[in-house]
Amino acid sequence: MHYFIGNLGHLFVIATFVTSAMTVFAYFKAHLESNPEQKKAWLLNARVAFYTHVASIFGIVFCLFTIINNHYFEYHYAYSHSSRHLETQYVVSSFWNGQEGSFLLWMFWEAIIGIVLIRTQKKWEATTMVVFCSVQVFLASMILGVVLPVINLKLGSSPFILLREAMDAPIFKSQPEFIPKDGTGLNPLLQNYWMVIHPPTLFLGFALTLVPFSFCIAGLWEKRYSEWIKPALPWSLLAGAILGLGILMGGYWAYETLNFGGYWNWDPVENAVYVPWLILIASIHTMITYKNSETALKTSIILVISVFVLILYSTFLTRSGILGDASVHSFTDLGLSGQLLVYLLFFTLLAIGLVSVRWKHIATSEKEVSIYSREFWIFLGATTLCLMGFQVIIPTSIPVYNKIVELLGSTSNVAPPANQIQFYSKFQLWFGVAVALISGTGQFFWWKKIDGKGLKKQLMGPILLSLILFALIIAIAKIYEPAYLVLALASIYLIVSNGNILFTLLKLNPKLSGGALAHIGIGLMLIGVLFSAGYSKVVSLNNTGLLYSKEAGTEFNRDNLLLFINETRTMAGYDIEFLGERLQPKTKSGFMKKSDLELTNDPFKVVAKKDVLFQQKKLFSAKDTIEINPENTFYEIELRKNGKVEASLFPRIQVNEEMGGRVASPDIKRNLLSDLYTHVAAPMDPEAEVDWGKTEEIRVGYGKDFFVNDYVAQLEEVKRLEKLDGIDLEKEDVAVQARIKIQGERDNYYAEPIFIIKDRSQVGRIPSEVNDLGIKITLLNIHPETNEFSFAVNQRQKDWVIIKTLEKPLINVLWLGTGILMIGFCLAMVRRFREFNNASD
């Protein structure tokens, strides 16, 4: 039992909580202090407390990672989220797989950001850090894991709790220091490279939204009602870029890993992060408006506060357990729901109270806003973004509404939308149209002062070019759905109009082009979403004439293609062939034929029967022991055109108890204009009882050809075995193994049945199966007088797989748009940081 590292970690947790509270107190005193010397002393105390707080967080990270990396399974967190078989990068990602680890990751990022704020924001340090570190107090309390005496109130859930303290298992009563040999491991679906970088990116985005919130609250507190905009704006841009990148990473993970055929499923947890990002983008635009024309200050205050409050609300939704089965992303409730609610209400009520007190003192522009002003179009765009968020967050919050009604003693039967994708998409599509039209037109007002006549002149060229491109796209893509026609036209207009502005800016000052680039990125994303989602089509249509399953329904039988091993079918202009089941080695890139491998008593290890090749490259030598992930089985699907191999796909079936059994993950054939998205719709059940056909007896000698299930076979060798796994052989016992080569369509297979004579009288036979070909061969008898051998041959249906393939047109336009959006964000952010630094100097 490794008690020391856990006790040390818990000590660091307590130190983190105490030092964050001390930092808040010291900065608060520094703000109140009018004596310069005393103020300086309190600031020094606050910095020392904060740096101690940062050191304590690093101490927690060190202790928890030590526990996970060294497999100290006496600790509940390591047992629940890691195992000895995880690869290094997934051992790292198991760090933030649980609630406690994700709160710690959030605190870690805020600690780093806090250091930057202290070193760069001297004029705002005291009040900003009071707000900033108050959040750290609450986050530290979430992993405190202590019970307050007298009132018996639990604060937080510690990542350093022992397994015996978390689980009421009988073994701990008889063996208090029992340590499991292995942990339960990381959910196999999360063992993906995107899950190594997606959560840290997302939590960095969460942490960054605290910075503009802190500046805003500090500005209201100090009655510097507008000065906070300048330092907050670049941080808002950074938060928007990072949070948006985190969301996009999650979407790409879903596209590569899940099998619903897309990248966004309108899951409640996805929605709870999407909405704050929309409001954040709206706040960036209103802050820029105020910086340039001193309008929309009150709107900026409301939106900046709303962003952080919505981040807290998304945390409450995800981690309180209130979503129940409404989301596959939500955490189970660790008893922290009340604490999360206090966390949410504290900062919400604090912000509302402060805004209410200061509201009448906040400047309001008396200037009438003209329809031909940039302020009007910015406000219109921000309003649209807020309405987009409002439309999503209300249905997402139905479980919260039901819980409130239940607490009030009544019942509510309101249910979330049954078809989430259809429900949200039909509204968000039209909001997307509005955003495209507003963004496309508003850019002209942003950079130029124009009236009605000037507007017609400026818009004429982009509108005509947009209509020409729109006509070409309609003719080529054959868009007929009215809503899709409108979205396509609006998206093209957004790209063309901002392209016009970008061309002008590149000649004048390329540093100003961030906004135009970001809007072009949004336009490309809208087109990518329109085609890849709206015109995604099934190409794996059933052309066999078979009814696969009466229970599965018409759609399943129509939209899925049955492939027997080594039998060619046609699909989407390709010759397609199923080549068999594959396993993936942990240590090398590639796939291995199951028929080339022998299972061992350790499910995570197999032994190569012969040299293992992948794409003509040798991966392993015969008799090598190879590490695998046994829960994953891949199905090799080869695509050919004109006899040339275009791609080999390896969709996966994963045994995943956390996700309800077997989970399919796709593989994707990427083309310039479309993706072929393929996943296994129905694999063979390895546990199903095999229906072997009638036994055929064959008598054959060395080197003689014979037929097995229409395949040519040959007896190559018969040898005596000195040892046999699982059976004790005495000197007088005989064990003989035959080696039969079977010529398959693409490869040679080997069957190795065994014949045993034990104690001179007992005869035993161990048959050999060739799964790919559906053959079982048993060595029945030996005929020494003729030097021949009798074999029993049984046949079954050949291996098969049912696949579903979707064609996703122009999805690369979506990914291109996300890249351009991020570049635009970065350019705008760098420009605003430089402006602030120059102003500070």
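Residues numbered from 1 in each chain as written. Predicted model: local features only at pLDDT ≥ 70, side-chain atom pairs only at ≥ 80, totals over all residues. Heavy atoms only, no water.

## Comments concerning the overall build of the protein chain
Stated formally: Elements are defined by DSSP. Helices are runs of H or I of four residues or more, strands are runs of E of two residues or more, and each kind is numbered from the N terminus. Residue burial is assigned from relative accessible area. The probe radius is 1.4 Å, only protein chains are included, and a residue is buried under 20% of its type maximum, exposed over 50%, and partly exposed in between. Here a residue-residue contact requires only that any non-hydrogen atoms of the pair lie within 4.5 Å. Here the accessible surface of atoms and residues is derived via Shrake-Rupley with a 1.4 Å probe, and residues count as covered only by protein chains that are part of the display.
Within the protein chain one finds 21 helices and 29 strands. Once the C-alpha set of the protein chain is aligned to its principal axes, its extents read approximately 110 × 75 × 55 Å. Buried positions account for 54% of the 841 residues belonging to the protein chain. For the protein chain, restricting intrachain contacts to residue pairs at least 6 apart in sequence, the fraction spanning at least 24 positions comes to 68%. Of the roughly 39200 Å² of accessible surface on the protein chain, a fraction of 58% belongs to carbon and sulfur atoms.

## Description of the packing of aromatic side chains
Quick note on the threshold: Any Phe, Tyr or Trp ring, taking Trp's six-membered ring, that has another such ring centre within 6.5 Å forms a pair; planes under 30 degrees apart are called stacked, those over 60 apart edge-to-face, and the others tilted. Sitting over a ring, as applied to charges here, requires NZ of Lys or CZ of Arg to be within 6 Å of the ring centre and within 35 degrees of the ring normal.
Summed over the entire model, instances satisfying the criterion amount to 44 aromatic pairs. Pairing Phe 578 with Tyr 635 gives two aromatic rings, centres 6.1 Å apart and planes at 35°, and the pair type is tilted. A residue pair is termed long-range when its members are at least 10 positions apart, and Phe 578 in strand β6 (residues 574-583) and Tyr 635 in strand β13 (residues 632-641) qualify at 57 residues. Across the pair, Tyr 635 and Phe 578 agree in class, each one buried. Taken together, a centroid distance of 4.9 Å and an interplanar angle of 65° make the contact between Phe 591 and Phe 634 edge-to-face. On the criterion of sequence distance, the pair formed by Phe 591 in the loop between β6 and β7 (592-593) and Phe 634 in strand β13 is long-range, its members being 43 residues apart. Both residues of the pair, Phe 591 and Phe 634, count as buried. Every member of this aromatic cluster is reached through a ring pair, and the members are Tyr 193, Trp 194, Tyr 252, Tyr 255, Tyr 263, Tyr 677 and Trp 815. When the ring centre of Tyr 677 is taken as origin, the NZ or CZ atom of Lys 808, which lies over that ring, is 6.0 Å away.

## Focus: the pattern of salt bridges
Heads up, the rule is: The working definition used for a salt bridge is a side-chain nitrogen of Lys or Arg within 4 Å of a carboxyl oxygen of Asp or Glu.
Summed over the entire model, instances satisfying the criterion amount to 30 salt bridges. One salt bridge connects Arg 558 with Asp 559, and the closest N-O pair in it is separated by 2.7 Å. You can call Asp 559 buried: its relative accessible area is 6%. What emerges from the salt-bridge pattern is a single network uniting Lys 291, Arg 831, Arg 832 and Glu 835.

## A closer look at the domain arrangement of the protein chain
Selection rule: Note that the domain bounds were set by an automatic or database domain assignment.
Assigned domains of the protein chain: these are domain 1 (1-186), domain 2 (561-686 + 802-808) and domain 3 (696-798). A straight line from the C-alpha centre of domain 1 to that of domain 2 covers 42 Å.

## Side note on helix α12 (residues 297-319)
This is how the line gets drawn: Expected helix span is computed as 1.5 Å times (number of residues minus one).
Taking 1.5 Å of rise per residue, the 23 residues of α12 would be expected to cover 33 Å, and the 34 Å separating its terminal C-alpha atoms lies within 8% of that figure. Most of α12 is tucked away: 20 of the 23 residues are buried.

## A look at unusual backbone geometry
One non-glycine residue with positive phi stands out, namely Lys 223, at about 65°. For Lys 223, the location among the structural elements is in the loop between α9 (193-221) and α10 (229-257). At Gln 615, a position not held by glycine, the phi torsion is positive, near 55°. The topology assignment puts Gln 615 in the loop between β10 (612-614) and β11 (617-620).

## Details of the pairing of strand β15 (residues 652-656)
So the rule is basically this: If DSSP finds at least two bridges between two strands, the strands pair.
Most of β15 is tucked away: four of the five residues are buried. Relative to β15, β13 runs antiparallel, the two sharing three bridges. Bridging across to β15, Thr 633 finds its partner in Ile 653.

## Re empty space enclosed by the protein
Leftover empty space is mapped by rolling, across the atoms, a probe with the size of a water molecule. Here is the rule: Points on a 1 Å grid, built from protein atoms alone, make a cavity when a 1.4 Å probe fits but cannot get out and make a pocket when they are open with protein on both sides within 12 Å along at least 5 of 7 lines; residues with an atom within 4 Å of a point are the lining residues. Grid points are joined across faces, edges and corners, and a volume is the space filled by probe spheres set on the points. For this scheme, ten residues count as nonpolar: Ala, Val, Leu, Ile, Met, Phe, Trp, Tyr, Cys and Pro. Four count as charged, namely Asp, Glu, Lys and Arg, and the remainder, Gly too, count as polar.
One pass over the structure, following the stated rule, counts three cavities of 30 Å³ or more. Taken as a whole, the largest cavity spans an internal volume of roughly 50 Å³. As for the largest cavity, its lining consists of 10 residues, and the residues nearest its centre are Pro 268, Pro 395, Thr 396, Pro 416 and Gln 420. Taken together, the elements giving at least two residues each to the lining of the largest cavity come down to α11 (268-293), α14 (374-396) and α16 (420-447). Class assignment of the residues belonging to the lining of the largest cavity gives a composition of seven nonpolar, three polar and no charged.

## A word on the packing of α10 against α11
As a reminder, the rule being used: Between N-to-C directions, angles cover 0 to 180 degrees, with each direction set by a line fitted to C-alpha atoms, over the stretch in contact for helices. Any angle from 65 to 115 degrees is called roughly perpendicular, while one under 35 is roughly parallel, one over 145 is roughly antiparallel, and all others are oblique. Handedness of a helix crossing follows the sense of rotation of the near helix relative to the far helix, less than a right angle counterclockwise being left-handed and clockwise being right-handed.
Two elements in contact, α10 and α11, have axes whose closest approach is 9 Å; the angle formed by their N-to-C orientations is 150°. The angle between α10 and α11 places the two elements in the roughly antiparallel class. You can see that α10 and α11 cross each other, and the crossing is left-handed. Packed against α10, whose contacting residues are Ile 229, Ala 232, Leu 233, Ser 236, Leu 237, Ala 239, Gly 240, Leu 243, Gly 244 and Ile 247, the element α11 presents Val 273, Tyr 274, Trp 277, Leu 280, Ile 284, Met 287, Ile 288, Tyr 290 and Lys 291 at the interface. Looking at the contact of α10 with α11, its residues break down into 15 nonpolar, three polar and one charged.

## Points about the side chain of Ser 283
Locating Ser 283 in the fold gives a position in helix α11. What makes Ser 283 buried here is its relative accessible area of 1%. Once residues lying within four places of it in the same chain are set aside, the contact partners of Ser 283 are Leu 303, Val 304 and Val 307.

## Here we look at the sheet that holds strand β8 (residues 597-599)
Sheet architecture is open: three strands sit in the order β8-β9-β12, paired in antiparallel fashion. In this open sheet, the two edge strands, each paired with only one partner strand, are β8 and β12 (625-627). Sheet twist, expressed as the mean angle between neighbouring strand axes with direction ignored, is 40°. Judged from the three bridges that link them, β8 and strand β9 (residues 605-608) form a sheet pairing that is antiparallel. In the sheet register, Leu 599 faces β9, and the bridge partner there is Val 606.

## Observations concerning the environment of Glu 74
We count it as follows: Nitrogen and oxygen atoms within 3.5 Å of one another constitute a polar contact, given that in protein one can donate a hydrogen and the other can accept it, and given that sequence-neighbouring residues count only through two side-chain atoms.
Here Glu 74 is to be found in the loop between α2 (36-69) and α3 (76-81). A residue is classified by how much of its surface remains accessible, and Glu 74, at 3% relative accessible area, is buried. Residues Glu 74 and Gly 183 lie 109 residues apart in sequence; the distance between their C-alpha atoms is 9.5 Å. Aside from chain neighbours lying at most four places away, what touches Glu 74 is Met 1, His 2, Leu 162, Leu 163 and Ile 179. There is a polar contact of 2.7 Å between the side chain of Glu 74 and the side chain of His 2.

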